[in-house]
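Residue-level structural notes
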Amino acid sequence: MVLAATIPTQAASQEPVSLPRSEQFALHAASGDEYRIFLSWPEVAPPPGGWPVLYVLDGNAAFATATEAARFDTRALDDAVVVGVGYPVSTPLDVKRRMVDLSPAGATANGARRPDDARGDQAERFLDFLLERVKPAVAERVEVDETREALFGHSLGG
């Protein structure tokens, strides 16, 4: 017997799903490139010195999962702030910008070098963006412990 599911052509409710104790905002790099920053914080008050922070690359794709994982098992990860760094797109990844931001100079997807790639050295600029723009913007919004930070990424972002 084959079970068939009917997929509605339009959702019953047009309300977006939201994640409690979370926000998103735009942040621009020194180059003018826009990023979408996702931020969530614990339900409990920050400990003395602030909350630990987990920075998650590919924020469009991984932020909600990382937030729920952090909230689900606080024995493994103390109550923590989760910061997703993504792009102003409606898709999980912006493949072209991701390649530029996360690759060393002249790199291509298969690891071959292309010295003529003028935008290929953006990885250092992206790191500067994380350190000089993202971290201060997060610290302005929530109390963080800068001695307890981690950066998470997968694949090219790992």
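Residues numbered from 1 in each chain as written. Predicted model: local features only at pLDDT ≥ 70, side-chain atom pairs only at ≥ 80, totals over all residues. Heavy atoms only, no water.

1. A few points about the pattern of salt bridges
Close approach of charged atoms allows side chains of opposite charge to pair. Tallied over the entire structure, the rule returns 4 salt bridges. Two residues, E23 and R141, come together in a salt bridge whose shortest N-O distance is 3.7 Å. With E23 in strand β1 (residues 22–28) and R141 in helix α3 (residues 122–141), this residue pair connects regions lying 118 residues apart in the sequence. Residue classification places E23 among the partly exposed residues on the basis of a relative accessible area of 32%. Since its relative accessible area comes to 37%, R141 is described here as partly exposed. Among the ionic pairs, E149 bridges to K135, the shortest N-O distance being 3.0 Å. In this pair, E149 sits in strand β5 (residues 144–152) while K135 sits in helix α3, placing the two residues 14 residues apart along the sequence. (Salt bridge = Lys/Arg side-chain N within 4 Å of Asp/Glu carboxyl O. Helix = DSSP H or I, 4+ residues; strand = E, 2+ residues; numbered from the N terminus. Buried < 20%, exposed > 50% of the residue type's maximum accessible area, 1.4 Å probe, protein only.)

2. Things to note about the side chain of S103
Within the secondary structure, S103 is located in the loop between α2 (95–102) and α3. Here M99 takes part through its backbone oxygen, which lies 2.7 Å from a polar atom of the side chain of S103. (Polar contact = N/O pair within 3.5 Å; in protein donor to acceptor, adjacent residues only side chain to side chain.)

3. Some thoughts on the packing of α2 against α3
Each pair of packed helices can be described by the angle between their axes along with the distance between the axes. Their axes nearest at 6 Å, the elements α2 and α3 cross at an angle of 90°. It follows from the interaxial angle that α2 and α3 lie roughly perpendicular. For the pair α2 and α3, contact is made by V100, D101 and L102 and by Q122, A123 and F126, respectively. Looking at side-chain class alone, the contact of α2 with α3 contains 4 nonpolar, 1 polar and 1 charged residues. (Axes fitted to C-alpha atoms, helices over the stretch in contact; angles between N-to-C directions. Parallel < 35°, antiparallel > 145°, perpendicular 65-115°, else oblique. Contact = heavy atoms within 4.5 Å. Nonpolar A, V, L, I, M, F, W, Y, C, P; charged D, E, K, R; others polar.)

4. Examining the pairing of strand β3 (residues 51–57)
β3 sits mainly inside the fold: 7 of its 7 residues count as buried. Bridge count between β3 and strand β4 (residues 81–86): 5 bridges; the pairing is parallel. Looking at β4, one finds that V56 is bridged to G84. (Pairing = 2+ DSSP bridges.)

5. A short note on α3
Between the first and last C-alpha of α3 there are 27 Å, a value that for 20 residues agrees with the 28 Å anticipated at 1.5 Å per step. Of all bends in α3, the biggest is about 30°, found at L130. Among all positions of α3, only Q122, F126, F129, L130, V134, A137 and V138 are buried. On its buried side, α3 packs onto β1, β2 (34–40), β3, β4, α2 and β5. (Expected span 1.5 Å × (residues − 1). Bend = angle between axes of the 7 residues up to and from the residue.)

6. Concerning unusual backbone geometry
You will see that D58, though not glycine, has its phi angle at about 55°, which is positive. For D58, the position within the fold is in the loop between β3 and α1 (59–72).

7. Some words on α1
Its 14 residues place the ends of α1 19 Å apart at the C-alpha level, agreeing with the 20 Å of an ideal helix rising 1.5 Å per residue. Buried within α1 we find G59, A62, F63, A66, T67 and A70. Considered in projection along α1, the buried side chains sweep an arc of 140° and stay on one side of the axis. Exposed residues on α1 whose side chains face more than 90 degrees from its buried face are T65 and F72. Along its buried surface, α1 packs onto β1, β2, β3 and β4. (Arc of directions from axis to C-beta.)

8. A short note on the packing of aromatic side chains
Summed over all chains, the structure comprises 5 aromatic pairs. Both rings, one in Y35 and one in Y87, keep their centres 5.5 Å apart while their planes meet at 40°; by these two values the pair is tilted. Of the two residues, Y35 sits in strand β2 while Y87 sits in the loop between β4 and α2, which places them 52 residues apart along the sequence. Here Y35 falls in the buried class, since its relative accessible area comes to 3%. (Phe/Tyr/Trp six-rings, centres within 6.5 Å; stacked < 30°, edge-to-face > 60°.)

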